[in-house]
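Commentary on secondary and tertiary structure
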Amino acid sequence: MAMESANRPSPPGPLGQRKAEKIDRLAELAATPPDERGGSVVQESFRRLRRSPMAIVGGAIIAVFVILAIIGPYIAPYHPIATIAIDQVRPGVIPGPSAEHWFGVDQLGRDVYSRILVGARHSLLVGVVATLIGFTAGAIIGGVAGAAYGLGGRVGRAIDSVLMRFMDMLLALPTLLLAASMAAILRPSLQAVMIAVGVAVVPIFARLLRGSMIAQAQRDYVLAAQALGVRRRKIVMAHVFPNSLAPVIVQATLTLAVAIIDAAALSFLGLGNPDTAVPEWGVMLAQAQGQIFTRPTLAVYPAVAIIIVALGFTLLGEAMREALDPKLRR
Amino acid sequence: MFRFIVRRLLQVIPTLLGLSVLLFVWLRALPGGPEAAALGPRPTPEALEAARARLGLDEPLWVQYGRYMRRLLNGDLGTSTVTNRPVLDEFLLRIPATIELAFAAMAIAIAVGIPVGYFAARRRGRLLDGLTLSGSMLGICTPVFFLAFLLKWVFGVNLGWFPVSGRQSSGMNATHITNFFVLDGILTGEWDAAWDAAIHLVLPAVAVASIPFAIIVRMTRASVLEVLGEDYVRTAEAKGLTTKVVRRRHVLRNALLPVVTVVGVLTGALLSGAVLTETVFTINGIGRYLYLAIQTQDYPVLMAFILIIALIFVIINMLVDISYSIIDPRVRVR
């Protein structure tokens, strides 16, 4: 392992280190040679994953969430921004759950159940787009760094070290504060939240893919391809890169949970969609703040929704990480 | 040691410079701007022009940047476009509240987290262990601002045990020297003021402590489990030491090393948590200041906020590095 530790850029001190070490450990997982039975790492992991209760629960939560995000607006009993029950809302009185309104209504007489259902789509959209932004930008930076390092040469190593220095600096800053500052500068909007959360996770993906690619580059099949005279570019693009993706996909699952929580936090800080009538879990939570004396339970519905979804992605992600771990592989 | 610190600080300069250029260009490239935000909706074109000239926004970008950097090097972070007061003064006024909150939260997280993690490890695979692990996962998935709201609702509004906003009761006529309200009360001997400030801290500190707590529990548990399997623990048991001595002298002491050093790592979680919690409890710290600056598009404040946070991180980084070598002599600062 001494060789591999020499390949790592040193993070800026222990602050980034814990994050960085976690990322590096994940990066090495898929590079462990397959066991005697000769099954591929990914196939083997998938077999383990299907037997893991954590993965099943997480997967089930995510499946329900995705289905609701798609059909939510169609099965919602009321229009999410229609102030249908405004006549029942009086100062100090906001009706709670009833047969008509399962989760009650909010301060403007809107049906909370409908708003939660429609809001699922927003949360999914923000989480997925932000993760895709982080994934893509991180994959480009990490891929270039990993390839430059793998292709060797002084220049390649210099490119790698410049890119990684900058990424490691960003890695040391707290994701939420980075995202909040960025969203503030971009002007509050839904797009700003997606971009800010996405950019804040770029260094994680960059470091992970780079580490994973360097670990793959030391495998025998790369040596074999080189011996056969395959061009370096082709080795990187057709062999190393696709084989390096497994840990990145694990990280993407875990990032989705963080992205959804952070996006809600940004909406809560007033950095989300300025049109606060649009149902969105973070905004609903922020608006419930004002009703703490009248109907504080209004905050519980969106919060529980966020917690369940984040838990789903975290459970699946952790189960995937465990399935990839060679120490647990039998 | 001195050379190490100097080298570390020198390494930081290019990064901070890069960050400042990036932020500066980005801020100016966006439409609107502080002049529009300061004048409110629908300003006349003449007023807008005058405001731009007053703020120096009509000059070329590089001139503006040069001026900003020159002032920055003289310790001038600029002037808030909203209050017209120096940004540095505003920060110094508010940062004690945030530090106080962070310290209280850290104290709670450590005091509760380490014993819980330790007992979870000793009862590995039993009910307590399972509860601890699922609890810490739930804690990480719960948005801090919801937890803050929940605490405020249950213990503040419903039960009325704790105050729900601010740092001190408004009727309290306390003397402020350092702006750390609890410390001020102790220094001046105004015990009622100190107690009042401490009581105000309880709920926000618990909210901020949640994520560091979850991390400390997991770290302690993993670390204790690792040490329990070490040869020297078996040796200590074999040579007939009592369980109590083995646990205290061999297990706990070695297991806590990585936990102690993780404290610096948690600063990120603490600061993020503080930003959200200060907003819920209307505490006038830098988190709430950021929130207000976002609402008013106060560019100098936003810019200073990011630079200061980055600087704080670099300094904490360095302190943790140095403390490593003090706590564990095997790790020498190179």
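Residues numbered from 1 in each chain as written. Chains lettered and ligands numbered in written order. Predicted model: local features only at pLDDT ≥ 70, side-chain atom pairs only at ≥ 80, totals over all residues. Heavy atoms only, no water.

Re the overall build of chain A
- Summing up its helical and strand segments, chain A has 13 helices and zero strands in all.
- Starting at the N terminus and walking to the C terminus, you meet the elements of chain A as α-α-α-α-α-α-α-α-α-α-α-α-α.
- By the burial criterion, 56% of the 330 residues in chain A qualify as buried.
- Carbon and sulfur atoms make up 66% of the accessible area of chain A, which totals about 14400 Å². (Helix = DSSP H or I, 4+ residues; strand = E, 2+ residues; numbered from the N terminus. Buried < 20%, exposed > 50% of the residue type's maximum accessible area, 1.4 Å probe, protein only. Areas by Shrake-Rupley, 256 points an atom, 1.4 Å probe, with all protein chains shown as cover.)

Considerations on the packing of aromatic side chains
- Applying the stated rule across the entire model yields seven aromatic pairs over all chains.
- Between A:Phe135 and A:Phe205, the aromatic rings sit 5.7 Å apart at their centres with planes inclined by 70°, giving edge-to-face as the arrangement. Pair noted here: A:Phe135 is in helix α5 (residues 112-150) and A:Phe205 is in helix α8 (residues 190-217), with a separation of 70 residues, a long-range link.
- Exposure remark for A:Phe135: the relative accessible area of 24% places this residue in the partly exposed category.
- Ring centres of A:Phe268 and B:Phe145 lie 4.3 Å apart, and the angle between their planes is 25°; on these two criteria the pair is classed as stacked. Of this pair, A:Phe268 sits in helix α11 (residues 245-268) while B:Phe145 sits in helix α7 (residues 144-158), each in a different chain. Each of the two residues, A:Phe268 as well as B:Phe145, counts as buried. (Phe/Tyr/Trp six-rings, centres within 6.5 Å; stacked < 30°, edge-to-face > 60°.)

Topic: the packing of helix α13 (residues 300-324) of chain A against helix α6 (residues 127-141) of chain B
- Orientation of α13(A) relative to α6(B), taken along the N-to-C sense of each, is 120°, at an axis distance of 9 Å. Put simply, α13(A) runs oblique to α6(B). In the packing of α13(A) onto α6(B), the handedness of the crossing is right-handed. Of α6(B), the residues touching α13(A) (which contributes A:Ile307, A:Ala310, A:Leu311, A:Thr314, A:Leu315 and A:Glu318) are B:Met137, B:Leu138 and B:Cys141.
- When grouped by side-chain class, the residues that make up the contact of α13(A) with α6(B) number seven nonpolar, one polar and one charged. (Axes fitted to C-alpha atoms, helices over the stretch in contact; angles between N-to-C directions. Parallel < 35°, antiparallel > 145°, perpendicular 65-115°, else oblique. Left-handed = near helix turned anticlockwise from the far one by under 90°. Contact = heavy atoms within 4.5 Å. Nonpolar A, V, L, I, M, F, W, Y, C, P; charged D, E, K, R; others polar.)

A few points about unusual backbone geometry
Residue and element names in this part refer to chain B.
- Residues other than glycine seldom take positive phi values, yet Thr282 does so here, at roughly 40°.
- For Thr282, the location among the structural elements is in the loop between α12 (267-280) and α13 (286-296).
- Note on Thr282: relative accessible area 35%, which makes it partly exposed.

Some points on a nonpolar patch on the surface
Residues and elements named next belong to chain A.
- Residues Ile67, Ile70, Ile71, Tyr74 and Ile75 make up a contiguous nonpolar surface patch of about 520 Å² in total accessible area.
- Position of Ile67 among the secondary structure elements: in helix α4 (residues 53-75).
- The exposure class assigned to Ile67 is partly exposed, which follows from its relative accessible area of 48%. (Patch = residues over 30% accessible without salt bridge, like charges linked within 9 Å, V, L, I, M, F, W, Y side chains within 5 Å. Salt bridge = Lys/Arg side-chain N within 4 Å of Asp/Glu carboxyl O.)

Some thoughts on the environment of A:Ala217
Residue and element names in this part refer to chain A.
- Mapped onto the elements of the fold, Ala217 is located in helix α8.
- Accessibility expressed as a relative area gives 31% for Ala217, which makes it partly exposed.
- A sequence separation of 112 residues divides Ala217 from Val105, and the C-alpha atoms of the two residues are 58 Å apart.

Quick word on a positive patch on the surface
- A cluster of basic side chains, namely B:Lys239, B:Lys244, B:Arg248, B:Arg249 and B:Arg253, defines a positive patch on the protein surface.
- Mapping B:Arg249 onto the fold places it in helix α11 (residues 243-265). (Lys, Arg positive; Asp, Glu negative; His and termini not counted. Charge placed at Lys NZ, Arg CZ, Asp CG, Glu CD.)

Focus: the nonpolar core
Residues and elements named next belong to chain A.
- With 135 residues, the main nonpolar core has Leu266 and Trp281 as its most contacted residues.
- Here the element with the most residues in this core is α11; it accounts for 15 residues.
- In contact with Leu266, other than residues within four places in its own chain, are Leu176, Ala179, Ala180, Ala183, Val193, Ala196, Val197, Leu271 and Gly272. (Core = buried A, V, L, I, M, F, W, Y, C linked by side-chain atoms within 4.5 Å.)

Re the packing of α8(A) against α11(A)
Residue and element names in this part refer to chain A.
- Relative orientation of the contacting elements α8 and α11 amounts to 160°, with a least axis distance of 10 Å. In terms of orientation, α8 lies roughly antiparallel with respect to α11. By crossing handedness, the relation of α8 to α11 is classed as right-handed. Together, Val193, Ala196, Val197, Val201, Ile204, Phe205, Leu208, Leu209 and Ser212 of α8 and Leu245, Pro247, Val248, Gln251, Ala252, Thr255, Ala259, Asp262, Ala263 and Leu266 of α11 make up the contact between the two elements.

Brief notes about the pattern of salt bridges
Residues and elements named next belong to chain A.
- In this structure the tally under the stated criterion is five salt bridges over all chains.
- One salt bridge in this structure joins Arg321 and Glu318, with 3.7 Å as the shortest N-O distance. You can see Arg321 and its partner Glu318 sitting in helix α13, three residues apart, about one turn around the helix. Glu318 carries the same exposure label as Arg321, and that label is buried.

A look at α7(B)
Residues and elements named next belong to chain B.
- Between the first and last C-alpha of α7 there are 20 Å, a value that for 15 residues agrees with the 21 Å anticipated at 1.5 Å per step.
- Largest kink in α7: about 25°, centred on Lys152.
- Within α7 the residues assigned to the buried category are Val144, Phe145, Phe146, Ala148, Phe149, Leu151, Lys152, Trp153 and Gly156.
- Phi for Gly160, located one or two positions after α7, is positive at around 70°. (Expected span 1.5 Å × (residues − 1). Bend = angle between axes of the 7 residues up to and from the residue.)

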